[in-house]
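Notes for the structure review
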Amino acid sequence: MWNTDSLWFEVALVTTITAVGTIFFGHFEEQTPKWRKLAKLIFFILVTTSLSATLGRVWALSFLGVMLFFVFYIHAIWLPRKGINGWTGEPREKYYELRGWKKKDK
């Protein structure tokens, strides 16, 4: 019934990682334009499936692993060094300044 020998496996993996990332870390991208979020998803699907089709699944999964390592590094090490909580993005003022965003008025 289940066959993972298709490139659709990589597409499902990338979209699942994106969905989980959006659920847990979407607050880090609240002022990022929707077109940029979509372009990022398409880029990762294209790179991952291209790597899998040309070099093999091990390379594609290694690429995703390296990218997840960078995400971990940014949230667990780099942001806290800048005085920003890597899980909550607080204090918001520092995070917005780091991203070059303006604070939204309520």
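Residues numbered from 1 in each chain as written. Predicted model: local features only at pLDDT ≥ 70, side-chain atom pairs only at ≥ 80, totals over all residues. Heavy atoms only, no water.

Description of the overall build of the protein
The criterion, for reference: Going along the chain from the N terminus, every DSSP run of H or I of four or more residues is numbered as a helix, and every run of E of two or more is numbered as a strand. All radius of gyration figures rest on C-alpha atoms, and the globule criterion is 2.2 Å times the number of residues raised to 0.38. Partly exposed describes any residue whose relative accessible area lies between the buried limit of under 20% and the exposed limit of over 50%, with all areas from a 1.4 Å probe on protein chains only and scaled to the type maximum. Contact definition: two residues touch when any of their heavy atoms are within 4.5 Å. Note on areas: Shrake-Rupley, 1.4 Å probe, and residue coverage restricted to the protein chains presented here. All tallies of charge rest on Lys and Arg as positive and Asp and Glu as negative; His and the ends of each chain are not included. Taken as the charge centre is NZ of Lys, CZ of Arg, CG of Asp or CD of Glu, depending on the residue.
Each helix and strand in the protein was counted, giving 4 helices and 0 strands. Across the protein, helices and strands are ordered from the amino to the carboxyl terminus as α-α-α-α. By the compact-globule yardstick of 13 Å for 106 residues, the protein is too spread out, its C-alpha radius of gyration being 16 Å. Principal axes of the C-alpha set define a box for the protein whose edges measure 50 × 25 × 25 Å. For the protein, with 106 residues in total, the buried portion stands at 20%. Intrachain contacts of the protein at a sequence separation of at least 6 include 60% that bridge at least 24 residues. When the accessible surface of the protein is split by element, carbon and sulfur atoms take 68% of a total near 8000 Å². If the 14 positive side-chain charges of the protein are averaged to one point and the 8 negative ones to another, these points end up 4 Å apart.

Thoughts on a nonpolar patch on the surface
Selection rule: A patch is a set of surface residues, each over 30% in relative accessible area and not in a salt bridge, joined within 9 Å for like charges and within 5 Å for the nonpolar side chains Val, Leu, Ile, Met, Phe, Trp and Tyr. Should a side-chain nitrogen of Lys or Arg be within 4 Å of a carboxyl oxygen of Asp or Glu, the pair is scored as a salt bridge.
Residues V20, I23, F24 and W87 make up a contiguous nonpolar surface patch of roughly 450 Å² in combined accessible area. Mapped onto the elements, W87 comes out in the loop between α3 (57–81) and α4 (92–99).

Here we look at α3
What counts is decided by this rule: Expected helix span is computed as 1.5 Å times (number of residues minus one). To get the bend at any residue, fit one axis to the seven residues that end at it and another to the seven that begin at it, then take the angle between the two axes.
Spanning 25 residues, α3 covers 35 Å between terminal C-alpha atoms, matching the ideal 36 Å at 1.5 Å per step. When the local axis directions of α3 are compared, the greatest deviation, roughly 40°, occurs at I74. Buried residues of α3: A60, F63, L64, H75 and L79, and no others. On the buried face of α3, the contacting elements are α1 (8–25), α2 (34–54) and α4. G83 sits one or two positions beyond α3 and adopts a positive phi of about 85°.

So, α2
Helical geometry: 3.6 residues make up each α-helical turn, so side chains three or four residues apart lie on a common side. Keep this limit in mind: Directions are taken from the helix axis to each C-beta atom, and the arc is the one they span.
Over its 21 residues, α2 runs 30 Å from end to end, which matches the ideal 30 Å to within 8%, given 1.5 Å per residue. Buried residues of α2: F44, I45, T48, T49 and S52, and no others. The buried residues of α2 all sit within an arc of 115° when viewed along its axis, so they share a single face. Across from the buried face of α2, at angles greater than 90 degrees, the exposed residues are W35, R36, L46, A53 and T54. Following α2 by one or two positions, G56 adopts a phi angle in the positive range, close to 115°.

Side note on the pattern of salt bridges
In this structure the tally under the stated criterion is 2 salt bridges. Two residues, R57 and E10, come together in a salt bridge whose shortest N-O distance is 2.7 Å. Taken together, the residues R57 in helix α3 and E10 in helix α1 connect sequence positions 47 residues apart. Of the residues examined, R57 reaches a relative accessible area of 25% and is grouped as partly exposed. A salt bridge links E29 to R99, with the nearest nitrogen and oxygen atoms 3.3 Å apart. Of the two residues, E29 is situated in the loop between α1 and α2 and R99 in helix α4; the sequence distance between them amounts to 70 residues. Note on E29: relative accessible area 24%, which makes it partly exposed. The exposure class of R99 is partly exposed, given its relative accessible area of 29%.

All we've got here are geometric facts, nothing functional implied.
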